[in-house]
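# Structural overview
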Amino acid sequence: MNNAQEIKNAITILEKVLASLGGAPAQTQSNELVDPPTLEPFKAALAQFVEASKNVTEQSLKDITPQIVKVFEQSFVVVRYSYHTKKTTPEQNKLIQKAFTDSITKIAKLQSANTQPHFKAILEGLNTSYWVTIDTPIQSIEAGIDAAEYNGLKVKQQKVPENSKWYDAFIHALKTLKELVSQNYKLGLDWNPKGNKTFEELLAVVKGEKTQTQGPPPPPPRQPPPPPPVQQAAPQQAATQGASKDLLLAQLNQGEDIVKSKCIQINLVLKKVDKSKPIEPVEPKQQQKPQQQAEVAPVREIQNDTWVLENYTNESYIEFKEGEIDMKQSLFVQNCVNCGIQIRGKVKTIVFQKCSKIQVFFDQAVTGFELLDSKKVDIRIFQECPSLTINNSEQVHVTFDKNKQCQIISSKTMDLNITYVQDDGELAKDQNVPEQFITLWDPETKRFDTKPLDLQFG
């Protein structure tokens, strides 16, 4: 059996060489429906999530944990079948999404008043499972994680360590999913145009109506080849070697086609390789990513009618002088950290996205000001801003100097405070914008009315 083991080891080495030279993954060459190795980190993170559920204080959280894992297992089914199935159509993707939605809806029905924040975070996070039906899934996964973390803040506020650890394990699993998708499935799943599996079978397995099949059985063993001719010099030794080869071939005949297939593929690839140059190992993508981020340079330029300001860090004063941006032009600021920015004069629109620790001062925005996905931002409006939109942000402070006529729209925003300059020149007391609302039935109007929830502390 030593010879058999050596051949098996050789097959493994050939597979690795083929993969490093750009060949197809070993799994695509098999009829077996198995999870690819790329999913292993995410499966391990889900196992940690299940382990954390054993100590939660609410039984309903413990009960839904297996159902949460089941939703992601449905996405695993789609990944497995993608190697053996033609690319799904938009209508077929809707059917897969409906199967996921049905499973998520069952989880939503189990929530109670005590676990409402936990369920909201989980339900938002489960939207990441739809990534298997999207061609560019990273943005969808990021949105699901952001929404889950926003709702999870109220889980943290309850200060129950066991439940917080359970929630943290869930978020860790989602971020692990994002990482593996960004490394392996940036443009979605790799479907097989010559696949021998049908979409109907895939959908039935996703919905739990059918058990996954493992593909057609292997062909029956072939007859072993005749023993080599006996040499006159050592007849007994030749006969022994012939019998040994027969036995070895009989044991490995099912793997014979695999060996031939690997060798043919490697030979085809090696023909394209310059054998005079050694093959250098390729650095993993995760090692290249920080280097790419470090090379991003600050940008301050005008593109069409929009000024763009990006990637500035620790700049105490960045000024756009009056007339530099006119009222027909807009300003877009992104990925800036710990900066002070002043915009003089009248501009069309001002947009800040993915910024933190920012102080922004401006005179007038004709259309309005938008703040997206940002933290710790101070906004001061000297003259006029008819509309202020704040979405998915934290710790935002707004100060009006003269004109307080402004429509403020906030969504998924925590710790938003507003003040203004009084007639005596002093700032008025901060007014907090509510984050929670209460909805009650009004028997007079015969409808549900929603009002801000007035929370009293101390």
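Nothing here was measured: the structure is a model prediction, and the numbers come from that model.

Looking now at the overall build of the protein. Counting its regular elements, the protein contains eleven helices and 14 strands. Within the protein, the proportion of its 458 residues that are buried is 37%. About 27600 Å² of surface is accessible on the protein, with carbon and sulfur atoms providing 52% of the total.

This brings us to the packing of aromatic side chains. Taken as a whole, this structure holds eleven aromatic pairs when the rule is applied. Summarising the aromatic geometry, the rings of Trp307 and Phe320 are spaced 5.9 Å apart at their centres and angled 75° between planes, so their arrangement reads as edge-to-face. Linking Trp307 in strand β2 (residues 306-310) with Phe320 in strand β3 (residues 318-320), this pair joins segments that are 13 residues apart in sequence. Accessibility classification places Trp307 together with Phe320 in one group, the buried group. Judged by centre distance (6.3 Å) and plane angle (15°), the rings of Phe361 and Phe382 are stacked.

Quick look at helix α3 (residues 59-82) now. Between its first and last C-alpha, α3 extends 37 Å over 24 residues, near the 34 Å set by a 1.5 Å rise per residue. Where burial is concerned, most of α3 is hidden: 17 out of the 24 residues are buried.

The terminal C-alpha atoms of helix α2 (residues 40-52) lie 19 Å apart, and with 13 residues this matches the ideal 18 Å at 1.5 Å per residue to within 8%. The complete set of buried residues in α2 reads Phe42, Ala45, Leu46, Phe49 and Ala52. Relative to the axis of α2, the buried residues are bounded by an arc of 115° and lie together on one face. Against α3 and α7 (161-184) lie the buried residues of α2.

Here we come to the packing of α3 against helix α5 (residues 116-126). Packing of α3 against α5 brings their axes to within 11 Å, and their N-to-C directions diverge by 5°. Considered as vectors, α3 and α5 are oriented roughly parallel to each other. Every residue of α5 that contacts α3 at Ser60, Leu61, Ile64, Ile68, Val71 and Phe72 is listed here: His118, Phe119, Ile122, Gly125 and Leu126. Broken down by class, the residue content of the contact of α3 with α5 amounts to eight nonpolar, three polar and no charged.

This part is about the environment of Ile138. Note that Ile138 resides in helix α6 (residues 138-157). Sequence-wise, Ile138 and Thr128 are ten residues apart; in three dimensions their C-alpha atoms are separated by 9.3 Å. Non-local contacts of Ile138, meaning those with residues more than four positions away in its chain, are made with Lys178, Val181 and Ser182.

Among the nonpolar cores identified, the biggest contains 56 residues, and Ile68, Phe72, Val78, Trp131 and Trp166 are the most heavily contacted of them. Of all elements in the fold, only α2, α3, α4 (90-108), α5, α6, α7 and α8 (199-206) reach the threshold of two or more residues within this core. Residues in contact with Trp131, not counting those within four places in the same chain, are Val79, Pro137, Ile141, Leu177, Val181, Tyr185 and Leu189.

Here the focus is the state of the cysteines. Counting across every chain of the model gives zero disulfides. The structure places no disulfide on Cys355, whose sulfur is separated from the nearest cysteine sulfur, that of Cys336, by 4.9 Å. We classify Cys355 as buried; its relative accessible area is 2%. The thiol of Cys385 is unpaired, and the distance to the nearest cysteine sulfur, on Cys406, comes to 4.6 Å. Using a relative accessible area of 1% as the deciding quantity, one classes Cys385 as buried.

Once that is clear, we can look at the pairing of strand β13 (residues 437-442). By the bridge criterion, six bridges tie β13 to strand β14 (residues 447-452) in an arrangement that is antiparallel. Following the sheet pairing, Phe437 is matched in β14 by Pro452. Where β13 folds back on β14, the antiparallel hairpin that results is connected by four residues, among which Lys446 adopts a positive phi of roughly 55°.

Conventions used here
Residues numbered from 1 in each chain as written. Predicted model: local features only at pLDDT ≥ 70, side-chain atom pairs only at ≥ 80, totals over all residues. Heavy atoms only, no water. Helix = DSSP H or I, 4+ residues; strand = E, 2+ residues; numbered from the N terminus. Buried < 20%, exposed > 50% of the residue type's maximum accessible area, 1.4 Å probe, protein only. Areas by Shrake-Rupley, 256 points an atom, 1.4 Å probe, with all protein chains shown as cover. Phe/Tyr/Trp six-rings, centres within 6.5 Å; stacked < 30°, edge-to-face > 60°. Expected span 1.5 Å × (residues − 1). Arc of directions from axis to C-beta. Contact = heavy atoms within 4.5 Å. Axes fitted to C-alpha atoms, helices over the stretch in contact; angles between N-to-C directions. Parallel < 35°, antiparallel > 145°, perpendicular 65-115°, else oblique. Nonpolar A, V, L, I, M, F, W, Y, C, P; charged D, E, K, R; others polar. Core = buried A, V, L, I, M, F, W, Y, C linked by side-chain atoms within 4.5 Å. Disulfide = S-S within 2.5 Å. Pairing = 2+ DSSP bridges.

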